[in-house]
Amino acid sequence: MEDYGITGTRVELETHVDVPRERLWDLITSVPRIGEWSPECEHGAWVSGAEPELKPGTRFEGRNRREGRVWTVTCMVTEAVRPSTFAWVVLDPADDPERPGSTWRYDLEPGDTPDRTLVRHSFVHGPGRTGLRDMIEDNAEIAELILEVRKGELLKHMQETLDAMARP
């Protein structure tokens, strides 16, 4: 089956956020609060039910809403180093972390003042099954357009989420 350039598609954002690094770490790792900030992920919950120790292998679920479509994904933490790195994969129905639907990552560095953080936030589409992959396979004649539109949405949503986290 043709890939249409989906696997490896990357969206990256680098920005300064007016929140101290330790505080921003607390916000980005607060999975149950993501719905307060994200324009797409409206709900998050730890699979264990209680707030777990953040470490590779810890799982959480996210419920997303986009263009009238609602779906739930299971995610698995791949890296959690306070206060600098939080990364996870979005698992597809095969539940194989080696072939995820996507990989998300936050890298936090001290900003130019103690109250600011330099954020590098990234998304990489994996080889797993996703709604984007299904949409492109169903509409191969406009695959490039679909991919470019989605990349733009992701970048916009990444910035909007960080902006919302920075609001007092």
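Before reading on, note that the structure itself is shown above.
Residues numbered from 1 in each chain as written. Predicted model: local features only at pLDDT ≥ 70, side-chain atom pairs only at ≥ 80, totals over all residues. Heavy atoms only, no water.

Caption draft 1: Structural view of the environment of valine 47. Assignment of secondary structure puts valine 47 in the loop between strand S2 (41–46) and strand S3 (59–66). Under the relative-accessibility criterion, valine 47 is labelled partly exposed at 48%. Distance in space between the C-alpha atoms of valine 47 and arginine 33 is 14 Å, their sequence separation being 14 residues. If near-sequence neighbours (up to four positions away) are discounted, valine 47 is found in contact with Arg59, Phe60 and Glu61. (Helix = DSSP H or I, 4+ residues; strand = E, 2+ residues; numbered from the N terminus. Buried < 20%, exposed > 50% of the residue type's maximum accessible area, 1.4 Å probe, protein only. Contact = heavy atoms within 4.5 Å.)

Caption draft 2: Spotlight on the sheet that holds strand S7 (residues 117–125). Taken in spatial order, the 7 strands line up as S1-S7-S6-S5-S4-S3-S2 in an open sheet, and their pairing is antiparallel. Looking at the sheet topology across the chains shown, the edges are occupied by strand S1 (10–17) and S2. Adjacent strand axes in the sheet meet at a mean angle of 20 degrees, parallel and antiparallel pairs treated alike. Two elements, strand S5 (residues 85–91) and strand S6 (residues 102–110), share 6 bridges in a ladder whose sense is antiparallel. Looking at S6, one finds that threonine 85 is bridged to aspartate 107. On top of the sheet, helix H3 (residues 143–166) reaches S1, S3, S6 and S7; it is set at about 25 degrees to S1, its chief contact. (Pairing = 2+ DSSP bridges. Axes fitted to C-alpha atoms, helices over the stretch in contact; angles between N-to-C directions.)

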